[in-house]
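Overview (structure and organization)
Given next are the chains, with one letter for each unit.
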Amino acid sequence: MKKTLRYALLLVGMTSLPAMAHVGYTGRNFGTFDGTSATSTLSGQGVTGNYGWIDGTDADYGDAHKTASYRFTLLNPADVTLTFQQATSTVTDHSGITSTSELGLTPGFSLYQGLAHLAPMGADYDSSAMSKAHRPAGTEGAFRALDDWKIGNDADTVNGVPASLSFFKHIGHAYDGTASGSVSGFDGVADGKVSHTFSNLAAGDYSVFVGGSDYLAQEISNPNILTKYGVSGTLVAGVVPEPETYAMLLAGLGLMGAIVRRRESKRNSEDSI
Ligand SMILES: [Ca+2]
Ligand SMILES: [Ca+2]
């Protein structure tokens, strides 16, 4: 290989390196749902290391680029079930190198209202000046798994667009396996899969951040700290029952209650004879 070509490739790799840390949804958009029942599955995704989600549960936040960010849009209120599970898949890293990701992810995820900046706006990333200015000093990144959080982009000097923040409002979360410290939301069954249903979500744009839930996997002595773990995600959008359905259900329960009461009062009056 010619030296110049090698340097060119090296430069391509270097200049695209920060992209790894940028929040984006390429290949991870579940789609837009109109309030009727629908299912969407996205595979071929991966995360680096098995701790990206759980690392965002502690006091020094987490690094967003150790998670995979997904999105979806609801046009009407809907019940939404999200499921993420370990998988093998072909993943492409920041240098364009493809490899097969491995099994072994114990997935955790959080659901938020809000979206990161989308092209043509500059992408958000943990180490932007805007991001750093809006979180405590000494934090590992902007990502928070159990709370609201914000992350910002750079100014677009060519088009004169100033840097700004994206806001994520925490809706809920869940993770695979047993309790990690005092972190709520574990499913109790370590099977590489976690699922949670969110009832009656309002219309709007949502983001989901997915990563590993093994807190100790971030130890520098872990030989798999840079292992790419595959993840497959499924969204099932369900119909929220209409108020009339609830009314009928309640009326039905009321009727049953009346029958039970009548039987009991009859029995009581018989007993008293
Ligand atoms: Ca952390
Ligand atoms: Ca599980």
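In case you missed it, the structure is sitting above this.
Note that the structure is predicted; figures quoted are calculated from it, not measured.

1. Focus on the coordination of the calcium ion (ligand 1)
Asp 55 (O), Asp 55 (OD), Asp 58 (OD), Asp 58 (OD), Asp 60 (OD), Tyr 61 (O) and Glu 140 (OE) make up the full set of protein donors to the calcium ion (ligand 1), lying at 2.2 to 2.6 Å. Spacing between the donor residues of the calcium ion (ligand 1) along the chain follows D-x2-D-x1-D-Y-x78-E.

2. Concerning the coordination of the calcium ion (ligand 2)
Asp 176 (OD), Asp 187 (OD), Asp 187 (OD), Val 189 (O), Asp 191 (OD) and Lys 193 (O) make up the full set of protein donors to the calcium ion (ligand 2), lying at 2.3 to 2.9 Å. The site at the calcium ion (ligand 2) holds six donor atoms, and with the angles between them running 48 to 156°, its shape is irregular. Mapped onto the sequence, the residues coordinating the calcium ion (ligand 2) show the spacing D-x10-D-x1-V-x1-D-x1-K. Of this pair, Asp 176 sits in the loop between strand 9 (165-175) and strand 10 (193-201) while Val 189 sits in the loop between strand 9 and strand 10, and the two are 13 residues apart along the sequence. Val 189 gets classed as partly exposed once you look at its relative accessible area, which sits at 48%.

3. Observations regarding the sheet that holds strand 11 (residues 204-212)
Spatially, the six strands line up as an open sheet ordered 1-3-11-7-9-8, and their pairing is mixed. The open sheet has two free edges, formed respectively by strand 1 (29-33) and strand 8 (149-152), since each of these has just one partner strand. For this sheet the average axis-to-axis angle between neighbouring strands, irrespective of direction, equals 30°.

4. A short note on the packing of aromatic side chains
The full count for this structure, using the stated rule, is 16 aromatic pairs. Between the aromatic rings of Trp 149 and Phe 209, the centroid separation amounts to 5.0 Å while the plane-to-plane angle is 70°, which identifies the pairing as edge-to-face. Of the two residues, Trp 149 is situated in strand 8 and Phe 209 in strand 11; the sequence distance between them amounts to 60 residues. Judged by relative accessible area, which is 4%, Trp 149 ranks as buried. By the ring-pair criterion, three or more aromatic residues cluster together here, those being Phe 30, Tyr 70, Phe 84, Phe 109 and Phe 198. Positioned over the ring face of Tyr 25 is Arg 71, at 5.9 Å from the centre of the ring.

5. A short note on unusual backbone geometry
Of note, the bond from Ala 119 into Pro 120 is cis; its omega dihedral lies within 30 degrees of zero at 10°. Take Pro 120: it is sitting in the loop between strand 7 (107-113) and helix 2 (129-133). One non-glycine residue with positive phi stands out, namely Tyr 61, at about 60°. The residue Tyr 61 is located in the loop between strand 2 (38-48) and strand 3 (68-74) in this model. Judged by relative accessible area, which is 12%, Tyr 61 ranks as buried.

Reading guide: rules and limits
- Residues numbered from 1 in each chain as written.
- Chains lettered and ligands numbered in written order.
- Predicted model: local features only at pLDDT ≥ 70, side-chain atom pairs only at ≥ 80, totals over all residues.
- Heavy atoms only, no water.
- Donors = N, O, S within 2.8 Å, 3.2 Å for Na, K, Ca; no water.
- Tetrahedral: all angles 85-135°; square planar, octahedral: opposite > 155°, others 65-115°.
- Helix = DSSP H or I, 4+ residues; strand = E, 2+ residues; numbered from the N terminus.
- Buried < 20%, exposed > 50% of the residue type's maximum accessible area, 1.4 Å probe, protein only.
- Pairing = 2+ DSSP bridges.
- Axes fitted to C-alpha atoms, helices over the stretch in contact; angles between N-to-C directions.
- Phe/Tyr/Trp six-rings, centres within 6.5 Å; stacked < 30°, edge-to-face > 60°.
- Lys NZ or Arg CZ within 6 Å of the ring centre and 35° of its normal.

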